[in-house]
Every structure is written in structure tokens, then in C-alpha cells.
Amino acid sequence: MKMLTKQLLLIIGLVIAFPALAISLDEARSQGLVGEANSGYIAVVDQSSPELERLVTEVNSKRKREYAAIAKRNGIDIAQVAARAAEKLEARLRPGEFYQDNLGRWVQK
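For every chain, the first residue of the written sequence is number 1, and numbering continues from 1 along that sequence. Local features in a predicted model are, by the rule used here, given only for residues with pLDDT of at least 70; side-chain atom pairs are given and counted only at 80 or more, and totals for whole chains, interfaces and linings are based on all residues. Side-chain calculation: all heavy atoms of the structure are included, whereas hydrogens and water are not.

Tell me about the overall build of the protein, and please be specific about residues and values.
In DSSP terms, a helix is any run of H or I states spanning at least four residues, a strand is any run of E spanning at least two, and both are numbered starting from the N terminus. Broken down by element type, the protein carries 4 helices and 4 strands. Mapped in sequence order, the helices and strands of the protein form the string α-α-β-β-α-α-β-β. Residue exposure (1.4 Å probe, protein chains only): buried if accessible area is under 20% of the type maximum, exposed if over 50%, otherwise partly exposed. Of all 109 residues assigned to the protein, the portion counted as buried reaches 30%. Contacts are residue-level and defined by heavy atoms, with any inter-residue pair within 4.5 Å sufficient. Put simply, of all contacts in the protein between residues at least 6 apart along the chain, 41% involve residues at least 24 apart. The Shrake-Rupley method, run with a 1.4 Å probe sphere, supplies the accessible areas, and residue values consider only the shown protein chains as cover. Summed over all atoms, the accessible surface of the protein reaches about 7800 Å², with 59% contributed by carbon and sulfur.

In C-alpha cells, the structure reads:
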């Protein structure tokens, strides 16, 4: 019985040690879980989960850093960069993916 307990503890430890398989931005977008917000960032379209929240936080923090760098280089406000990015990102979406219109409603392309 002790051997079985040790094996179970080892298996549980290994499962916990491996990071959970995270969903990619492309997968989340194509499944309609996240969309391109009119702010230049992504947002959860309908129902949130810890995994989606991590994805949104990670993607948006990377975008914010990039937007800030572009704004600084060009001497403009980060909001201007984000607004322009929102337009470009919306134009690149594939059919079935979501974006937020100017009224904040989710629209499927």
C-alpha cells in the first residue's frame, strides 16, 4: 500500500509541476472566446475563465509595451497608437472572429 501511495504522490506531483496547456490567441479568437476590442486590446467576448484572463492580460501587456514604444518614438499619445492598431487589427480578422464596434457591441466579422 505504501508503494501505491508513493506512486500516486509522484504522479500528482508531476501533473502539478507541468504547466497547464494554455490556449493561444489564435485559438481563442477562432473559437469566439476573445475578440479585438475597439481600444486596441483584446477582451473576453462572453464567458471568462482564469485561462482566458491570463491570455488577455499577457497579450494586452505586450501590446501596451509596444504601443508605448511606438508613441514615444513618434511623439504621440499611446491612445492614438492603440486606436490606429484597433483599426488595423479589425481589418485583419478572419470571418467568424469578433471585434467591438464603436458602441462597444461585439460584432462577428
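Lay out the sheet that holds strand E1 (residues 34-36) in plain terms, naming residues and giving numbers.
Read from one edge to the other, the open sheet built from 4 strands follows the order E2-E1-E3-E4, with strand pairing classed as mixed. The sheet terminates laterally at strand E2 (42-44) and strand E4 (106-108), the two strands that pair on one side only. The mean inter-strand angle of the sheet, taken between neighbouring strand axes irrespective of direction, is 40°. As paired strands, E1 and strand E3 (residues 98-100) are joined by 2 bridges and run parallel to one another. From the neighbouring strand, Glu36 faces E3, where its bridge partner is Tyr99. Think of each axis as a best-fit line through the C-alpha atoms, taken over the contacting stretch in the case of a helix, with angles from 0 to 180 degrees between the N-to-C directions. The strands touched by helix H3 (residues 50-74) within the sheet are E1 and E2, with E2 carrying the most contacts at an inclination of about 165°. Two strands pair under a simple rule: DSSP has to find at least two bridges between them.

Break down H3 for me, with residues and values.
Expected span of a helix: the number of residues minus one, times 1.5 Å. With 25 residues, H3 should reach 36 Å at 1.5 Å per residue; the first-to-last C-alpha distance of 36 Å fits that figure. For H3, the complete set of buried residues consists of Leu52, Leu55, Val56, Val59, Asn60, Arg63, Tyr67 and Ala71. Looking at the packing, one finds that the buried side of H3 touches helix H2 (25-30), E1, E2 and helix H4 (78-92).

So what about the environment of Ala28? Which residues, and what values?
With respect to the element layout, Ala28 can be found in helix H2. Sequence separation between Ala28 and Glu97 is 69 residues, and the spatial gap between their C-alpha atoms is 9.5 Å. Ala28 has contacts with Ile23, Leu33, Val34, Leu52 and Leu55, leaving out every residue within four places of it along the chain.

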